[in-house]
Structures are given as structure tokens and as C-alpha cells.
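Here's the letter readout for the chains.
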Amino acid sequence: LRQRQASGLRAGVDNSDSVSVQDKPARLFVVDDNQRMATRIADMLKAGGHSAFTLHEAGGMTGLNELGVDILVLSMLSDRYDALKLCAHFKMNEATRAISILLISDPEDRQRAGRGLDLGASDVIFTPVDKQELLARVRTQARRSRYIEMLRERVDRGLELSVIDQLTGLYNRRYMNNQLEQLLQRSKMGGRPVSVMMADIDHFKSVNDTYGHDAGDEVLQEVAKRLKTNSRVMDVVCRPGGEEFMVIMPETPGGLACAAAERIRLAVAASPFKIYGGAKEITITLSAGVSTVNGPSDTIADLTKRADTALYQAKSAGRNRVES
Ligand code: GH3
Ligand code: MG
Ligand code: MG
Ligand code: MG
């Protein structure tokens, strides 16, 4: 009873910004193709006050991101899917990386469980699953993921003020230069290629003159969105100013960067832009110059100068094209 009062007290002072109060219920996703086993584990979790969904209830893995899951409970006892592969996939994917993975393993299968931990799983429970042990391990993981979430929110909040462009949500010039500096250093040490795409909207002044500055802003936002959805997670998409954009591509040689730039150019030119909140559609194109880090003495100024020269060539060759 005393314990229950203590936890009631804690719930009473709950405050999302506090580091010390973290024993809130977690959201768990239970993956076990033995449906009875999955339901049994979900029931244990629910009895512990958590929210639990089984793969069967969610109708597949695709619903997982919408569910906002903290912890994945992944059974290694199935032959219908490869739990180790799933583990690796989850940890490599940006959208799911932060989800903790709790493996359920046969005690005879310690070696595979160890591989799972190597691949990024956070903990292992051996069968038969004991309810108290399950809840204790979930509590540990939930504390960990809440803490990470809190740190990330703080980082994002800090970022918004200093390095995010307010109109488009892309990175601003300050962040762009900072990233270029860091990537250039790393490139010099490891000999890895870095490329940039510098893009400029074609005849943007006439968009403003014809449709007004607000319509121009709508276009800038949509260009930003298309740049973002057509570049990779590791690319850094920036709006250094005005109607100019830069995509920084780490680990990308020139040929690949040109192909990426071409894909982005097409994504802008291929379908019309909605302005006036959707009331009108106009065609927008952009021109781009691509350059790649060229040896250890190359500076940011050299790299951007070459991209700028290539962009100028794209403009004078008729616009809506990529040059390098
Ligand atoms: P070019 O094809 O040679 O690039 O022609 P352009 O008209 O795009 O080039 P120019 O540099 O002459 O015009 C850029 C225009 O972008 C001028 C400026 O008013 C507009 N602009 C810059 N920043 C913003 C912004 O934040 N919002 C809007 N709506 N317009 C902007
Ligand atoms: Mg310009
Ligand atoms: Mg211009
Ligand atoms: Mg322009």
C-alpha cells in the first residue's frame, strides 16, 4: 500500500520536463507470430499499466510508426521472420532507430540473442517469460527512451532558434557553413567525397511580380518540401537565403551527386505548384550547379565557387538544367 501511495504521489507531481519523473506507462509493440504468446505478453504489459499492441492487432509492421511506439518486444522464436534482420533494419532506419528493442529468446539460443544485442537490441528476456521480470525490464527501457526523447526535444528547440530557416524549415546559412566545415575536415582525413548542389529558382522575380510576394513564399515552401523528399536522410538541405538552396551530400562522388541533382530538378519541374492556397497552379523550374571536394587543399570557398560557376552556366545555357 505504501508503495502505491508513493507512486500516486509521483504521478501527482508529474511534469514532462523533469528528469526524475519517468515512470509513466510505455507504448509497446509485440511481435510474435504465435498469436497466443503475443496476446499473453501484451496482457502482462497491460496489467503493468502500459499500452501494448500486437502485430496481429495492428495488421502488420507498417502501422508501427503511426502508433508512436517506445519499445518493440520482438520474439526470436519464430521461423516465419528473421528477428535478427528485423533488428538490424530497425536500427538502420532513421524513423525507427530510437525505438528500444526487447528480445524474447529461448534460453538454448543465447548465441543468437547475443547477436541481437550486437545489432542494437537493448535487452533480452528468456522464456518462459516471467511477468515481474518483463515489467522490470520494460521500466528500464522506458526510462531510457523518455530520457533520449527529452534530450532530443531540447536539441530541436535550441536548433529552431539558431539554425532553422523559419519560412521553409530547412537549415539556414549558418548551419550550412558549419556542416560544410565539418564535412570538409572529415573528408580530408578519410579521403571521402563530399558534393554539393547549389540551386536557384528560375525567373523567380517574375513569380513575385506576377502573383505577389505571398505566392512567392508559397513557392519557396513547396520547393523546400520537394528538395527534402527527394534527398536522402544523410543529406543536409539548406536555404542559405532568398530563392537559393543548397543540398550537401556527404559520402557522394560527383557522378552520383549529378544524378541526385537531376532527380531533384525533375521533382520541381515535373508537376505544377499550387499557389493562393491551392486556387491556382503555376510551373516552376530551377537551375543547379554541382561540385565535389577536390583534394585536401580544397576550401569551402573553392567548393562553393565551383558550384556557383556551374550554376551560372546552367542559367546561361537556358535554365531548368544541372551543370557541374
Ligand atoms: P534567374 O532565373 O536568373 O535566377 O532569375 P530570378 O528572377 O530568379 O533572379 P533574381 O535574383 O533577379 O530574383 C530573385 C528574386 O527572389 C528577387 C527577390 O525579390 C526574390 N526573393 C528573395 N527572397 C525572397 C523571399 O523570401 N520571398 C519571396 N517571395 N521572394 C524572395
Ligand atoms: Mg538568385
Ligand atoms: Mg538570380
Ligand atoms: Mg533565381
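Coordinates for the structure precede this section.
The structure displayed is predicted, hence computed values, not measured ones.

S.K.: In this structure, what is going on with the nonpolar core? I would like to understand it.
M.R.: The nonpolar side chains of a soluble globular protein tend to be buried, and buried together. Met197, Val247 and Ala288 are the most contacted members of the largest nonpolar core, which has 42 residues in total. Where this core is concerned, the elements lending two or more residues are helix H8 (173-190), strand S6 (194-201), helix H10 (213-229), strand S7 (236-241), strand S8 (244-250), helix H11 (254-269), strand S11 (286-292) and helix H12 (300-316). Contacts of valine 247, omitting those with residues within four sequence positions, involve Val196, Met197, Leu227, Ser231, Asp235, Val237 and Ile264. Of all hydrophobic cores here, the second largest spans 33 residues; its members include Ala26, Leu74, Leu103 and Ile104.

S.K.: Just checking my understanding: could you explain unusual backbone geometry for this structure?
M.R.: Trans peptide bonds make up the majority, and among non-glycine residues the majority have a negative phi. Of the consecutive residues threonine 127 and proline 128, the connecting peptide bond is found in the cis state with omega at -5°. Take proline 128: it is sitting in the loop between strand S5 (123-126) and helix H7 (131-162). Backbone geometry places tyrosine 276, a non-glycine residue, at a positive phi of 55°. Tracing the chain through its elements places tyrosine 276 in the loop between strand S9 (273-275) and strand S10 (280-282). Although it is not a glycine, asparagine 320 sits at a positive phi angle of roughly 50°. For asparagine 320, the position within the fold is in the loop between H12 and strand S12 (322-323).

S.K.: I would appreciate a short explanation of the site of ligand 1 in the present structure.
M.R.: Asp202, Phe204, Lys205, Gly216 and Gly242 are the nearest of the 15 residues found near ligand 1. Elements supplying a minimum of two residues to the shell around ligand 1: S6, helix H9 (204-211) and H10. The element that contributes the greatest number of residues to the shell around ligand 1 is H10, accounting for 4 residues. By residue class, the composition of the shell around ligand 1 is 3 nonpolar, 5 polar and 7 charged.

S.K.: Can you help me understand the sheet that holds S12 in this one?
M.R.: Two modes of strand pairing occur in sheets, parallel and antiparallel, and in both the strands are linked by backbone hydrogen bonds. Across the sheet, which stays open at both edges, the 5 strands sit in the order S7-S8-S6-S11-S12 with mixed pairing between neighbours. Among the strands making up the open sheet, the edge pair consists of S7 and S12. Relative to S12, S11 runs parallel, the two being bridged by 2 bridges. Directly across from glycine 289, in S12, lies its bridge partner glutamate 323.

Rules used throughout
Residues numbered from 1 in each chain as written. Chains lettered and ligands numbered in written order. Predicted model: local features only at pLDDT ≥ 70, side-chain atom pairs only at ≥ 80, totals over all residues. Core = buried A, V, L, I, M, F, W, Y, C linked by C-beta atoms within 7 Å. Buried ≥ 20, exposed ≤ 12 C-beta atoms within 10 Å, placed from the backbone. Helix = DSSP H or I, 4+ residues; strand = E, 2+ residues; numbered from the N terminus. Contact = placed C-beta atoms within 7 Å. Near = placed C-beta within 6 Å. Nonpolar A, V, L, I, M, F, W, Y, C, P; charged D, E, K, R; others polar. Pairing = 2+ DSSP bridges.

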